[in-house]
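Single-letter residue listing:
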Amino acid sequence: MEDEFGKEKTVALIDAYIAALPKEGFRAFASSYMGKDLSMRFEQWVAPRPQINYKLGRHRKKKVGLQYKHAITIEQETAASIIEPVTLKVTFKDKTYQTQQWFSTEKKHTFELITDQKIKAIEIDPQERLLETSKSDNRRPAYWKFVILSMFVEYDFEEQQPLFMIFGQLRKRYGGLDRFDMGGYSQFNSYGANFGYTRLFGKAIDALRLSHGVRFALNLNGLAQDVALVQTSPDPTIIQVTDSGYASDVSVSYVYGNQLSYINPLQGMYGGLTLRVSNPLLGSQYSYRMINFNTAGIVQLHPNHLWGIRFSIGSSGAGEMPSQLQYRLGGIASMRGLPLTNDKFSGKHIVLLTNEYRHFLSQDMDLNLGLFRIRKIQGALFSNVGNTTHTVQEQADRKAGLITDVSGFMDLFDPRDLKADVGYGLRLHIHYFGVSPSLISFDVAHSITEKGYGYLYYLGVNQTF
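Residues numbered from 1 in each chain as written. Predicted model: local features only at pLDDT ≥ 70, side-chain atom pairs only at ≥ 80, totals over all residues. Heavy atoms only, no water.

## A closer look at a positive patch on the surface
We apply this condition: Within this analysis, patches are made of residues with over 30% relative accessible area and no salt bridge. Like charges are joined at 9 Å or less; nonpolar side chains (Val, Leu, Ile, Met, Phe, Trp, Tyr) at 5 Å or less. Each accessible area is a Shrake-Rupley estimate made with a 1.4 Å probe; only the visible protein chains count as cover when residues are assessed. A pairing counts as a salt bridge when a side-chain nitrogen of Lys or Arg comes within 4 Å of a carboxyl oxygen of Asp or Glu. Under the counting rule used here, the positive set is Lys and Arg, the negative set is Asp and Glu, and His together with the chain ends is not counted. A charged residue contributes its charge at one atom only: NZ of Lys, CZ of Arg, CG of Asp or CD of Glu. Here a strand is any run of E in DSSP of at least two residues, a helix any run of H or I of at least four, and the numbering for each starts at the N terminus.
There is a patch of like positive charges on the surface, built from Lys-61, Lys-63, Lys-93, Lys-95, Lys-118 and Lys-120. Counting through the fold element by element, Lys-63 comes out in strand β1 (residues 52-64).

## With respect to the side chain of Ser-104
Applicable threshold: Polar contact is the term for a pair of N or O atoms within 3.5 Å; when the atoms are in protein, one must be able to donate a hydrogen and the other to accept it, and sequence-neighboring residues count only if both atoms are side-chain atoms. Any two residues whose heavy atoms approach within 4.5 Å at even a single point are treated as in contact.
For Ser-104, the location among the structural elements is in the loop between β4 (97-102) and β5 (108-115). A distance of 3.5 Å separates a polar atom in the side chain of Ser-104 from the backbone oxygen of Ile-82. Only 2.8 Å separates the side chain of Ser-104 from the backbone nitrogen of Glu-84, close enough to count as a polar contact. Among residues more than four places away in sequence, those in contact with Ser-104 are Tyr-54, Gln-76, Ile-82, Ile-83, Glu-84 and Val-86.

## Some points on unusual backbone geometry
Peptide bonds are, in most cases, trans, and in most cases residues other than glycine have a negative phi. Cut-off, in case you're wondering: Working definition: with a 1.4 Å probe on protein chains only, accessible area under 20% of the residue-type maximum means buried, over 50% means exposed, and in between means partly exposed.
Look at the link from Arg-140 to Pro-141: it is a cis peptide, with omega at 0 degrees. Its place among the elements puts Pro-141 in the loop between β7 (139-140) and β8 (144-156). Located in the positive-phi region is Ser-104, a residue other than glycine, with phi close to 45 degrees. In this structure Ser-104 comes out as buried when scored by relative accessible area, which is 3%. Here the phi dihedral of Asp-364 falls at roughly 55 degrees; this positive angle occurs in a residue that is not glycine. The residue Asp-364 is located in the loop between β20 (346-362) and β21 (367-368) in this model. With relative accessibility at 76%, the residue Asp-364 sits in the exposed group.

## Looking at the sheet that holds strand β3 (residues 86-92)
Test applied: Only when DSSP finds a minimum of two bridges between them are two strands counted as paired.
Strands sit in the order β4-β3-β6-β7 across an open sheet of four strands; the sheet is antiparallel. Each having just a single partner strand, β4 and β7 make up the two edges of the open sheet. Two strands pair when backbone bridges link them, and β3 and β4 are joined in this way by six bridges, in the antiparallel orientation. Paired with Leu-88 across the strands is Gln-100, a residue of β4.

Here it is as structure tokens:
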């Protein structure tokens, strides 16, 4: 009402109604006081709100003498008719601005204005008063921001060195269909970066994301020399499995997901199928291909008790796949009861199944540790079952002449070769500087099937999945 009649007249209406308290009710009194039938307005205010989106359409401009003539179109996308005040803000080069309003009485409206200088930005609903389902098309040019989607930081106590992986996206502040990906990683014998583009489609999860996407990426990898210890007689021999070098590949992925939180997913699932191909035409020293499928989900058994399950399977084909980039069964992102660096558990093919029972030990905390505050403490009881075949160790043994055949993809499912572990972890749900939510994890795991590794400890900054 303030937008249509002004704040002063709206306040006067409310004061007059309180003073009179007429039997006819506020709707009839307001219509009489304003001299306008407001029945349709009241029906719209109390009715369930339909999905609606306003978007900037075409902007036509023409220079007339020393001035500029503009025609800016706004379009309304909704199945049901709705009338509400939509504000258009136009900002100029000198940071001054002007606003105009449209009461959305039709599906499309064109604002015409004459200015003395060029327009720097055009924006719908600058005060964010409208309950739109999508705001990514409300501003031209759009605001952009970088969002970290996943990050793993692991310290290997056995090798006494840190490992890390970070992946993020550059996207519009209010979502949109286009995402620009970038990330980097470093582990024992390789390091690298990737750059990609994601296009979203499908059902809306929230105002920022859709449920499906297609991603294209360029992956750049630097490789240090990779060697393996072979048990020859009378003394062990060090065999070079892959020389140092450079590998680059392109990948295409189909991804899906409906989880509302990256840091602390309470329900929903995500996953995808990825194909990576390398060729000397890309500047790589190798020719190989990798295909991997993964899926993970969270089921809420109770508000404080969650069950998480993850499955992944991958194969590298028969090409000259560098051992530094082959699948690794151990480590914080895979089977935590096995070390990341053992050549027996790195190979061209992998299968992994993870179960995790997450339960809150303490909630509604406010423990101030200076840099961050601990808000919740969660426990996680987990177990992994998996296998790798055509391993780096087998490749080294064959080079040394100890074996002639290596295991293949179908050997992944031999129950006699499956590895299993069990472990427990703590998740500290924290707020950096009291406002930015994040998570710190501490895990300890022990292998059930592989002897001689003892307990392995991990420090991370994410849920495992």
